[in-house]
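Residue-level listing of the chains:
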Amino acid sequence: MPEIKRLVQPVEVNYVCDKCGHGMMVSAGEMNPATGEIPHKCMICSYRQVFKWVSYPKISYVGLDEGNS
């Protein structure tokens, strides 16, 4: 198939702390390559949570015709 191009914009994606509901989660260690688990910590209350195969904050790309959802 031929290549196609379209304009996109970067969008920052954060995860709000499940405990305090205010702080943003940030990576607090390295990913375990066997399980994909990445430890994270809330910047406000220090709550710890593990995510699989995703690290926050992250950057996604959205087509200019798609919106920011």
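Residues numbered from 1 in each chain as written. Predicted model: local features only at pLDDT ≥ 70, side-chain atom pairs only at ≥ 80, totals over all residues. Heavy atoms only, no water.

1. Describing the sheet that holds strand β4 (residues 48–52)
Read across the sheet, three strands follow the order β2-β3-β4 without closing on themselves; strand pairing throughout is antiparallel. The open sheet has two edge strands with one neighbour each: β2 (25–27) and β4. On average, each strand axis in the sheet is inclined to that of its neighbour by 40 degrees, with strand direction left out of account. Pairing of strand β3 (residues 37–42) with β4, which is carried by five bridges, proceeds in the antiparallel orientation. Across the sheet, residue Ile38 finds its bridge partner in β4, namely Phe51. (Pairing = 2+ DSSP bridges. Helix = DSSP H or I, 4+ residues; strand = E, 2+ residues; numbered from the N terminus. Axes fitted to C-alpha atoms, helices over the stretch in contact; angles between N-to-C directions.)

2. Focus on the pairing of β3
Side chains Ile38, His40 and Cys42 project from β3 onto a buried face, and the interleaved Glu37, Pro39 and Lys41 project onto a face without burial. Bridge count for β2 against β3 is three bridges, and the pairing is antiparallel. Opposite Val26, over in β3, you have Lys41 as the bridge partner. A loop of five residues connects β3 with β4, the two strands running antiparallel in sequence, and Ser46 in this loop sits at a positive phi of about 70 degrees. (Buried < 20%, exposed > 50% of the residue type's maximum accessible area, 1.4 Å probe, protein only.)

3. A closer look at the nonpolar core
Grouped together as the largest cluster of nonpolar side chains are six residues: Cys17, Met25, Cys42, Phe51, Val54 and Tyr56. With residues near it in sequence (within four places) discarded, Cys42 still touches Cys17, Cys20, Gly23, Met24, Met25 and Tyr47. (Core = buried A, V, L, I, M, F, W, Y, C linked by side-chain atoms within 4.5 Å. Contact = heavy atoms within 4.5 Å.)

4. Describing the side chain of His40
Tracing the sequence through the fold places His40 in strand β3. At 2.9 Å, the side chain of His40 forms a polar contact with the backbone nitrogen of Tyr56. Excluding its chain neighbours within four sequence positions, the residues that come into contact with His40 are Met25, Val26, Ser27, Ala28, Tyr47, Arg48, Gln49, Phe51, Val54, Ser55 and Tyr56. (Polar contact = N/O pair within 3.5 Å; in protein donor to acceptor, adjacent residues only side chain to side chain.)

5. Remarks on the state of the cysteines
In total, this model carries zero disulfides according to the counting rule given. Not part of a disulfide, Cys42 finds its nearest cysteine sulfur in Cys45, a span of 3.7 Å. Judged by relative accessible area, which is 31%, Cys45 ranks as partly exposed. (Disulfide = S-S within 2.5 Å.)

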